[in-house]
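# Observations on the model geometry
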2 protein chains.
Amino acid sequence: MNGDNMNRRPRRRFSAAPEAPCPARHCQVCAALESEGLAAREFLKSRMTQAVFETGDGLPEQMLLAGGIIAVSHGAVVIQRLMDDGRRQVVGFRLPGEPVVLGRPARGVTAFAAVPSTLCIVPADAVTALKQNFPGAAMRLCELALSLEDERTEHLAVLGQFTVAEKVAYFLYRLAGKIGSRAPGGVHVDLPMTREDIADYLGATSESVSRQLSRFKRDGLIALPSPDRVIVKDLPALAAEVPFQPVIEDAGGSIGGGGSFRFPPGGDEARVAARP
Amino acid sequence: MNGDNMNRRPRRRFSAAPEAPCPARHCQVCAALESEGLAAREFLKSRMTQAVFETGDGLPEQMLLAGGIIAVSHGAVVIQRLMDDGRRQVVGFRLPGEPVVLGRPARGVTAFAAVPSTLCIVPADAVTALKQNFPGAAMRLCELALSLEDERTEHLAVLGQFTVAEKVAYFLYRLAGKIGSRAPGGVHVDLPMTREDIADYLGATSESVSRQLSRFKRDGLIALPSPDRVIVKDLPALAAEVPFQPVIEDAGGSIGGGGSFRFPPGGDEARVAARP
DNA sequence: GGCAAGGCCTGATCTAAATCAAAACCATAA
DNA sequence: TTATGGTTTTGATTTAGATCAGGCCTTGCC
């Protein structure tokens, strides 16, 4: 469409070793498929392609709207909602093993690679076929998609209620849990996104994010050997800055699973008053 | 658990005519079930019960976690995420015909009736049985649940990017579209929730919401015959305050539906710059 | 090497919205 | 009717975070 990728410079440095094999055991999508046996995964695997995106490359709109499956193999993808006047809300970051789109058109959002990234792509018709041939696996995928909703709910609370300090602490804490690597001195986290991306994810400005990172650094909670590398030196202290503990990632919420509740109510429980 | 409903007074006036029949034609859940024929709906209908909640009654936690189906027949339900220190984020309001929980445990949230409400309740084992006997219908339900996610995405942008004026305009606009009734002089909307609820939904304070409503009133966009009744006199003007047009409610997003996209990319599309 | 462009950090200032406070309103019950 | 308790509205003040602006550092290109 627009051939002008002249003014699109790599904004992030490190590469994602694009040719390494897909780390399947961490892949949420594959895990969901395998839960019904290996056949479903093989079925999709043979219909799957991979694609490489450079930093800043947008995922084509039809790709997001087609209703196929897109998952991150290497790299990182930013999902965003743009507004008429140029403001944007970053809806989420997708890291290796996580799905960008899961068998359903992505409405009203765009996405781009934050670093050089490899994506697994399953076309929509393959998903349709999966539905017919492996209904159980298709249901599993649907449930995986739903389980991601918990993250959204949490994000809502972060945007609506957290201070900037809490927001940044939350962001680091979650990211450390996802892609942090334990090492002497703390948990190392490579940031695949810019301060601007983080800010738009948290509903803040890049200046505020930068300031808060500096403050955490001054207070000894983190170190910043380079702008895109954070070492969380005191994870518990960081967690203490977050007003709630994140809902534990289940990644396989089951329809009809859950508790032992039977029947209606005597309608009386915590209508907990707001701000007591 | 806590028998002290002494200090829980009705905060909202109007009742919901709790004995009127369920307005099925507006019910998203029923619509999803019927799309596969009437059998699935009848199957659930015979296993369904109704329950009445008074203003402020919390939905029992097990009910939310069981993984059954809860839908609003009459009234309104507030879904919220509470934080350790008493802050809360209202995640959504559920109005007649809308599902509160849809075959999946609600993680980390609580819910209560904002006004006297009647809920339809399908126990979890009936949902399990539905899955086995009517896989198509179950898939439809799952997709309905996913389509609600678009609303969440929108909500994220509202919380992260909107000013208070925009937030309140958005809120009124959406509510008018859902439960507004056309009448001479404008669209009438009955608010089943308090200013506090609205504020916690929008990530603002009740004072700010109140002030903004007064401002809209002064500017002639709305009238406020009573605190819980809004007449939107100038809907287009209200819409103009909202920085994006809401994603059109599809309410039946289909897996594998959507566009005509075929295959991978030449990875080049709108990496639209933030705030140009 | 030198230059230009982004990204990041930090300080100074400004402002939208929160907080604090009090009055008005409204529904229920005595 | 009046008293009561909660909700809403409005005003005065404060403040967290946005905006504005400058400087530094890194990266890629000539």
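Residues numbered from 1 in each chain as written. Chains lettered and ligands numbered in written order. Predicted model: local features only at pLDDT ≥ 70, side-chain atom pairs only at ≥ 80, totals over all residues.

### Some details on the overall build of chain A
When its secondary structure is counted, chain A shows ten helices and eleven strands. Within chain A, the proportion of its 276 residues that are buried is 50%. Contacts spanning at least 24 positions in sequence make up 76% of the contacts within chain A whose residues lie at least 6 apart. (Helix = DSSP H or I, 4+ residues; strand = E, 2+ residues; numbered from the N terminus. Buried ≥ 20, exposed ≤ 12 C-beta atoms within 10 Å, placed from the backbone. Contact = placed C-beta atoms within 7 Å.)

### A look at the sheet that holds strand β3 (residues 77-82) of chain A
Reading across from one edge, β4-β3-β6 (chain A) is the order of the three strands in this open sheet, with antiparallel pairing throughout. Looking at strand neighbours, the two that pair on one side only are β4 (88-94) and β6 (110-113) of chain A, the edges of this open sheet. Taking the axes of each pair of neighbouring strands and ignoring which way they run, one obtains an average angle of 25 degrees across the sheet. Relative to β4(A), β3(A) runs antiparallel, the two being bridged by six bridges. Paired with A:Arg81 across the strands is A:Gln89, a residue of β4(A). Sitting on the sheet, helix α8 (residues 195-202) of chain A is in contact with β3 and β4 of chain A, with an inclination near 105 degrees to β4(A). Sitting on the sheet, helix α5 (residues 135-161) of chain B is in contact with β3 and β4 of chain A, with an inclination near 120 degrees to β4(A). (Pairing = 2+ DSSP bridges. Axes fitted to C-alpha atoms, helices over the stretch in contact; angles between N-to-C directions.)

### With respect to helix α2 (residues 38-45) of chain B
Residues and elements named next belong to chain B. For α2, the complete set of buried residues consists of Ala-40, Arg-41 and Leu-44. Relative to the axis of α2, the buried residues are bounded by an arc of 95 degrees and lie together on one face. Across from the buried face of α2, at angles greater than 90 degrees, the exposed residues are Leu-38, Ala-39 and Glu-42. (Arc of directions from axis to C-beta.)

### Observations concerning the nonpolar core
Among the nonpolar cores identified, the biggest contains 164 residues, and A:Leu172 and B:Leu172 are the most heavily contacted of them. For this core, the element with the most residues is α5(B), which contributes twelve residues. In this structure, B:Leu172 is in contact with B:Ile222, B:Val230, B:Val232 and B:Leu238, ignoring residues within four places of it in sequence. (Core = buried A, V, L, I, M, F, W, Y, C linked by C-beta atoms within 7 Å.)

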